[in-house]
Amino acid sequence: MSTTDLPPSTAPAAPAGRGRASGPWRQPMSVWATAFAAVVAFMGIGLVDPILPSIAEGLDASPSQVSLLFTSYFLVTAVAMLITGFISSRIGGKATLLLGLALVVVFAALSGTSGSVGELIGFRAGWGLGNALFVATALAVIVGAAVGGMESAIVLYEAALGVGIASGPLVGALLGDWHWRAPFFGTAVLMAVGFLLITTLLKAPPKPAAKTRLSDPLRALAHGGLSTTAVTALFYNFAFFTVLAFTPFVLGMSPYGIGAVFFAWGVLVAVSSVFAAPRLQRRLGSVRTLHLSLGLLLVLQAAIAVSVLASAQPGVIAAVVLTGVPIGMNNTVFTEAAMEVSDAPRPVASAGYNFVRWMGGALAPFIATKLGEEAGPELPYLLGAACCLAGMGVLVLRRHHLGALKG
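Residues numbered from 1 in each chain as written. Predicted model: local features only at pLDDT ≥ 70, side-chain atom pairs only at ≥ 80, totals over all residues. Heavy atoms only, no water.

## Thoughts on the overall build of the chain
Here's step 1: The helix and strand inventory of the chain stands at 15 helices and zero strands.
Here's step 2: The C-alpha radius of gyration of the chain comes to 20 Å, within 12% of the 22 Å expected for a compact globule of 407 residues.
Here's step 3: In terms of overall dimensions, the chain has C-alpha extents of about 60 × 45 × 35 Å along its principal axes.
Here's step 4: Across the 407 residues that make up the chain, the buried fraction comes to 59%. (Helix = DSSP H or I, 4+ residues; strand = E, 2+ residues; numbered from the N terminus. Rg over C-alpha atoms; globule rule 2.2 N^0.38 Å. Buried < 20%, exposed > 50% of the residue type's maximum accessible area, 1.4 Å probe, protein only.)

Here it is as structure tokens:
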């Protein structure tokens, strides 16, 4: 994968003697500082998972009301993706990272002070804005500062995502067992550490010569390959966040129990994203790997639904944990596909793609939880399986737009 077509703000200048052979793990401290902050940013996704029932009890809210913590977070994240390039191309990548981190620190701390579920939903929305500014810029900054090429940078980024998603439920359980407010304050502290590390260790990359217009991400979606990838990822994310947001209410376990289940799940997300996905891509190509991972997620969603109907908790736990394998594979392959499939500048393509795909993360928690409350707890997973099938159908029907991808 070549990085020569990256804009000036993201194109790496590899030090002499440190090329692709270095691999993803031998990186300068500035890259590790950004990766650490990325871990904490992704922790925020699963942090609330183990404490959703505790939050519902503590704030006298229904499961579907509590699910709006995900919806507000991802809805704002999705919309904010459209302005991240506009901002970063004017103030620079480092300043955008620090602005995003500062917003997360403030709104994570405010989340811990919430007196009602409405306040908490609002503060999570502000958190989502900070997360969008950070996450959308972090990949470009890591690519620009990392050695080893584009593939190594994406592997490192996905590793940070996997570790963050895995550790989020664990941190949420450990702190949430003390009080449901504690995980929010803990995240604020960790993000403040990330802010200091990036301030001191990351050299500000040069601003791009051309400024990104607000309309550029939406214009990029006119490309058939990028829109196909984005819509498929929307269906995938709906299935993904059905598992993440609704399952805590199905498990009926303590915060420690829920945290342990999703920690094991997150470990599989990390391992499959870093090790399984690249190998399968090399052997099968990106498109076939997406078909495989979406098909596996479909089967596991159906297995969860069957286990829920049979009141077989061990079956639910096993199937939920195993969804980490296709989810990790999808995360890596979709990220690379969005970067490769069109001729748009990578930050612009990434912004348009993330705008569409995070809508799946915004819609799924509330729809799945409301469906589970009113119609039956197995139905959200059947809907998730149907979304996987729909995503595979989009790949088949629009395969002629995916010529830039292997397989």
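Now that the structure has been shown, we can carry on.
## Thoughts on the packing of aromatic side chains
Here's step 1: Summed over the entire model, instances satisfying the criterion amount to 15 aromatic pairs.
Here's step 2: Summarising the aromatic geometry, the rings of Phe74 and Phe241 are spaced 4.6 Å apart at their centres and angled 55° between planes, so their arrangement reads as tilted. On the criterion of sequence distance, the pair formed by Phe74 in helix α3 (residues 63-91) and Phe241 in helix α9 (residues 224-251) is long-range, its members being 167 residues apart.
Here's step 3: Taking relative accessible area as the criterion, Phe74 reaches 1% and is therefore assigned buried.
Here's step 4: A residue is classified by how much of its surface remains accessible, and Phe241, at 0% relative accessible area, is buried.
Here's step 5: Centre to centre, the rings of Phe241 and Trp358 are 6.0 Å apart; their planes meet at 55°, and the pair counts as tilted. Of this pair, Phe241 sits in helix α9 while Trp358 sits in helix α14 (residues 346-374), and the two are 117 residues apart along the sequence.
Here's step 6: Its guanidinium or amino end placed over the ring of Trp127, Arg124 lies 4.8 Å from that ring's centre, counting from NZ or CZ. (Phe/Tyr/Trp six-rings, centres within 6.5 Å; stacked < 30°, edge-to-face > 60°. Lys NZ or Arg CZ within 6 Å of the ring centre and 35° of its normal.)

## A short note on empty space enclosed by the protein
Here's step 1: This structure, assessed with the given rule, holds three cavities of 30 Å³ or more.
Here's step 2: In this structure, the largest cavity encloses a volume near 110 Å³.
Here's step 3: Every residue along the wall of the largest cavity is listed here: Met81, Val135, Ala136, Leu139, Tyr157, Thr335, Ala338, Met339, Ser350, Tyr353, Asn354 and Arg357.
Here's step 4: Of all the secondary structure elements, the ones that give two or more residues to the lining of the largest cavity are α5 (117-145), α13 (324-340) and α14.
Here's step 5: Looking at the lining of the largest cavity residue by residue, the classes come out as eight nonpolar, three polar and one charged. (1 Å grid on protein atoms, 1.4 Å probe; cavity = no way out; pocket = protein on both sides within 12 Å on 5 of 7 lines; lining within 4 Å. Points joined across faces, edges and corners; volume = space filled by probe spheres on them. Nonpolar A, V, L, I, M, F, W, Y, C, P; charged D, E, K, R; others polar.)

## Some words on the confidence of the model for the chain
Here's step 1: On average, residues of the chain score 87 in pLDDT, and 93% of them are at 70 or above.
Here's step 2: Of all helices and strands in the chain, the one with the weakest mean pLDDT is helix α6 (residues 149-176) (80), whereas helix α15 (residues 379-397) scores best (98).
Here's step 3: A low-confidence stretch, residues 1-21 stays under pLDDT 50, and its non-local contacts, those more than four residues away or across chains, total 43 contacts. (pLDDT = per-residue confidence, 0-100. Contact = heavy atoms within 4.5 Å.)

## Description of the side chain of Ser293
Here's step 1: As for its position among the elements, Ser293 is in helix α11 (residues 286-309).
Here's step 2: With residues near it in sequence (within four places) discarded, Ser293 still touches Pro326, Met329 and Asn330.

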